[in-house]
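Below, each chain spelled out in residue letters.
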Amino acid sequence: MGESTAGHLPVMADAVAALLAPALTADGAVLLDATLGRAGHARALLAAYPGLVLIGVDADATAIEGSRDALSAYAGRVTLVHSWYDEIAAIVAAAGLERVQGIVFDLGVSSPQLDDLERGFAYSHDAPLDMRMDRTSALTAAEVVNRYPAAELARVLREYGEERFARRIADALVRERSRSPVTSTGRLSEIVRESIPAAARRTGGNPAKRTFQALRIEVNGELTVLGRALPAALDLLSVGGRIAVLAYHSLEDRAVKRVFTAASTDTTPPGLPVPLPGSGPRFRLLTRGALRPSAEEVAANPRAASARLRAAERIRKAA
């Protein structure tokens, strides 16, 4: 999630609001914010649409409590749930609903999580090697770094961090942990830096960036959760309902693109002269490719730089 540190302003707030607006104007319309964070997008939409109802979901209990305060002015219109976002179908059903009119996902780690040094998400500060979004879960980044075999550790770094030097980093971590456990972000960053050739360290930002991304995704099962959540979200939308998804790295964005493309494609087998009944697209894409933040927004909030926004509208019921 790309909230800025100044008041937790949400990334691409105007674009998200404009894309969702046509689905949220009717009294009683329901917005499902599946990654609530500090409720930046939700708060703006609740203020804009007095008849809007919110179901806010977040795996981080700290975020839920912070949002409860932030949304206190709208308390009668808000339901908050501490849960991972692949549980949204059950959450909506528990609220007594079959469909919602708007859904927003603001994926990844939020600024408050990055700025809380004890959470261990940031490579710029020394902190315990944790990285759990849900602090009630058992698996931490320290467990991954100190317990995974070298081959499995390399796979995580390669697949989730797209790290060219995954095996070198994994082997270095195994050597280092044999001397003493790797338990801090500072020590991890140093090991990664020393594992990468000097020439490769001169470009691309902090050399630990990809390793930290990979460990965070592994610890939180982010791509697995997203793979279950996106189809569930599309199924929850009423006809005319809209979904907007903010992704912050290529793995997330490719997953969103794949699901949206499949839902907006006619499934009639090639060669048939007319579309088969019920095989037409269920959704239409609202963005041509992925929208990106403006230069002005990135200047004001550098954490927005990697954001990619995609949106779609449901145009017919499932067959």
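The model shown is predicted, which means the values in this text are computed figures rather than measured ones.

Draft legend 1. Main features of the overall build of the chain. Scanning the chain from N- to C-terminus turns up 14 helices and 7 strands. Taken along the three principal axes of its C-alpha coordinates, the chain extends 60 × 55 × 40 Å. Residues classed as buried in the chain amount to 52% of the 319 residues present. Excluding contacts between residues fewer than 6 apart, the proportion of contacts in the chain whose partners are at least 24 apart in sequence is 69%. As displayed, the chain offers around 14,100 Å² of accessible surface, 54% of which is attributable to carbon and sulfur atoms. The distance from the centre of the 39 positive side-chain charges to the centre of the 36 negative ones in the chain is 6 Å.

Draft legend 2. Spatial organisation of the layout of surface pockets. Estimates place the volume of the largest pocket at around 770 Å³. Every residue lining the largest pocket is counted, 31 residues in all, and those nearest its centre are Y123, K209, Q213, R216 and S306. Looking at the lining of the largest pocket, the elements with two or more residues in it are α5 (111–115), α11 (209–220) and α13 (250–263). A total of 5 residues in the lining of the largest pocket trace back to one element, the largest contributor, which is α11.

Draft legend 3. The side chain of D58, seen in detail. Along the polypeptide, D58 turns up in strand β2 (residues 53–58). Buried and unpaired, D58 has no salt bridge, with R119 as the nearest side chain of opposite charge at 7.5 Å. Reaching out from D58, the side chain makes a polar contact with the backbone nitrogen of G37 at a distance of 2.7 Å.

Draft legend 4. Just the environment of R308, in detail. Mapped onto the secondary structure, R308 falls in strand β7 (residues 308–314). A sequence separation of 27 residues divides R308 from P281, and the C-alpha atoms of the two residues are 23 Å apart. Only 3.4 Å separates the side chain of R308 from the backbone oxygen of S306, close enough to count as a polar contact.

Calculation notes
Residues numbered from 1 in each chain as written. Predicted model: local features only at pLDDT ≥ 70, side-chain atom pairs only at ≥ 80, totals over all residues. Heavy atoms only, no water. Helix = DSSP H or I, 4+ residues; strand = E, 2+ residues; numbered from the N terminus. Buried < 20%, exposed > 50% of the residue type's maximum accessible area, 1.4 Å probe, protein only. Contact = heavy atoms within 4.5 Å. Areas by Shrake-Rupley, 256 points an atom, 1.4 Å probe, with all protein chains shown as cover. Lys, Arg positive; Asp, Glu negative; His and termini not counted. Charge placed at Lys NZ, Arg CZ, Asp CG, Glu CD. 1 Å grid on protein atoms, 1.4 Å probe; cavity = no way out; pocket = protein on both sides within 12 Å on 5 of 7 lines; lining within 4 Å. Points joined across faces, edges and corners; volume = space filled by probe spheres on them. Salt bridge = Lys/Arg side-chain N within 4 Å of Asp/Glu carboxyl O. Polar contact = N/O pair within 3.5 Å; in protein donor to acceptor, adjacent residues only side chain to side chain.

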